Amino acid sequence: MTSPSLSMIERARELVKDFEYGKEDVRKATRHFIKQMNEGLQRDGATMGQIPSYVTSVPNGTEKGLYLAVDLGGTNLRICSVHLLGNTKFSIIQSKCAIPSDLMLAKTASDLFAFLAKEIRAFLKANHNDQLKSHMIKVESGHTNQKACSDDFLRLGFTFSFAFEQHALNKGSLLYWTKGFNIPDAIGQDICGLLQTEIDNLHLPVIVAALVNDTVGTLLARSYEAPGTTMTLLGAIFGTGTNGAYVEKMQNLTKLELSDQPPPEEMILNTEWGSFDNALDVLPNTPFDSIVDSESIHPGIQMFEKRISGLYLGEILRQTILDIVPLSTTIVIPKESPLYQQFSIDTSFLSIAAGDTSPALYVTRKELLQTLDIEASHEDARAIRELVLSIGRRAARLAGVAIAGIVIKSGRLLPSPQNSIPNVGDKSSVVSTQQLLSNDRKIPEKLPKNFLERFYQWIQRTFSSCFEPKPTLMQTPSPLKVEAAGIVDIGVDGSLIEHYPDFEKIIRTTLRDIEEIGLEGEKRIRIGIAKDGSGVGAALVARMADLRTGKP
């Protein structure tokens, strides 16, 4: 119960204490995170899905080609034409539109995917009209044979930012919806098949070549662009939703059996960490978190995401504002104010308020008036801003828990020779083990444990005097060089990590609080924005699909 003797600012400061997440909290949560990661590696149906992506190699920055990418990442649809130029460079043309709210709750999957196909057609008309016209002439003349003409079709990578079980690079069945979507008809269906059907209905020259989780795409895009030679470990999204994908050793993924011979050494896994600790054993849980969960479309699940992601942070803030405003003697809130509507506060408001240094918090007060129709005094705005800072800080510390868990589990911070070996220049070493060992050369009985060390020794053994790389793997020979020993590279994307003030700084403070990382370990963790992660990443996986089918 709120004491009637408290002022609005005093009550806000009481609530701020409820959102504190201290050093011992993050340490306990990190241990539990690693535990649930391991459970997901061993069996299906675990709290954290640890879903195989079937991506067993990471880009080295030399890839080239023209590809389409479609990113269904939540409330927006983005369509891109990505031209991979090699040498870690790319160019991109894109369009973006909002998903109509009625389609987020459509009766059938066809309704949503038909909308996507129509938007792809509009994009082709605007940016690849000659190719579209040429194809449509063939369609109208009856001279179309998809198999015969498929070489002329554009390959599309589909970034799908919802939980799915992947069966191959271009096949995956939807597990459940998040981020405000709920189309039961789509559950269990092949996502690529749904999109390809609607594309074919419009006779478009497009083949859905790859299905990509947005975090997998973020990891790949970061690896394509990253400076130096270190292979990216983790791709993480902190935006409308949150999730991460990382590189795992196949020997640890005991729930999956592959027929590949020899089997790959590593695979990128989609953690689905939004569902971490649904039982709330270690996660913080205020009364406001409980309200947000109970009023969500999927109560009882995605409990980690509901404390971090942009979709829910504004809603947590809204509930706290509703708690404190009765104590204000100056605030004016009309009965029809959006404050009384679910999801009326966008995370952009939190970013604006957190960064507000204007006199008398003029910027925050202006935003309150424009977005919520609330007339607030300086004191009212101070109270709301303190809540914003506490909610944002807790979210960033929880994000730090996820990053710490994966970094610790990877072992890349351990003081061993394998974490300080030379790397091959221009990241040319980052190719799949299957590609490297698919020759008739004798494999030594005892291979070094680290993938890069094996590759380095393989080069020395095989090409002692010259080096002529295959064009699809290494386009130009490069001298060996050594990057700063033990760098752990992490690619990130999303509105929170990009725009919320000091989000990364708070993450780093959290990493230092965790004993297995500490001050020295935190210095070795490099966090970089993956530019256009979902678009470029999807294009890169489409490129991988081309290589697997033999297309140069």
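What counts, and at which threshold
Residues numbered from 1 in each chain as written. Predicted model: local features only at pLDDT ≥ 70, side-chain atom pairs only at ≥ 80, totals over all residues. Heavy atoms only, no water. Helix = DSSP H or I, 4+ residues; strand = E, 2+ residues; numbered from the N terminus. Buried < 20%, exposed > 50% of the residue type's maximum accessible area, 1.4 Å probe, protein only. Lys, Arg positive; Asp, Glu negative; His and termini not counted. Salt bridge = Lys/Arg side-chain N within 4 Å of Asp/Glu carboxyl O. Contact = heavy atoms within 4.5 Å. Axes fitted to C-alpha atoms, helices over the stretch in contact; angles between N-to-C directions. Parallel < 35°, antiparallel > 145°, perpendicular 65-115°, else oblique. Left-handed = near helix turned anticlockwise from the far one by under 90°. Polar contact = N/O pair within 3.5 Å; in protein donor to acceptor, adjacent residues only side chain to side chain.

Now for the side chain of Asp-356. Relative to the assigned elements, Asp-356 resides in the loop between helix H11 (347–354) and helix H12 (362–372). Of the side chains bearing the opposite charge, Arg-385 lies closest to the buried Asp-356, which forms no salt bridge; the N-O distance is 5.6 Å. Those residues in contact with Asp-356 that lie beyond four places of it in its chain are Leu-361, Tyr-362, Val-363, Thr-364 and Arg-385.

This part covers the packing of helix H2 (residues 23–42) against helix H13 (residues 378–410). Between H2 and H13, the shortest axis-to-axis distance is 8 Å and the interhelical angle comes to 50°. When the axes of H2 and H13 are compared, the pair comes out oblique. With respect to the hand of their crossing, H2 and H13 are arranged in right-handed fashion. Of the residues in H13, those touching H2 at Lys-23, Val-26, Ala-29, Thr-30, Phe-33, Ile-34, Met-37, Asn-38 and Leu-41 are Arg-397, Val-401, Ala-402, Ala-404, Gly-405, Ile-406, Ile-408 and Lys-409.

Attention now goes to the side chain of Gln-36. For Gln-36, the position within the fold is in helix H2. Among the residues examined, Gln-36 registers a relative accessible area of 7% and is labelled buried. A polar contact of 3.0 Å, which involves the side chain of Gln-36, links it to the backbone nitrogen of Asp-277. Residues contacting Gln-36, with those up to four places away along its chain left out, are Thr-47, Met-48, Phe-276 and Asp-277.

On to the pattern of salt bridges, then. Following the criterion strictly, the structure yields 22 salt bridges and no others. Each of Glu-504, Arg-508, Arg-512 and Glu-522 takes part in one network of salt bridges that share partners.

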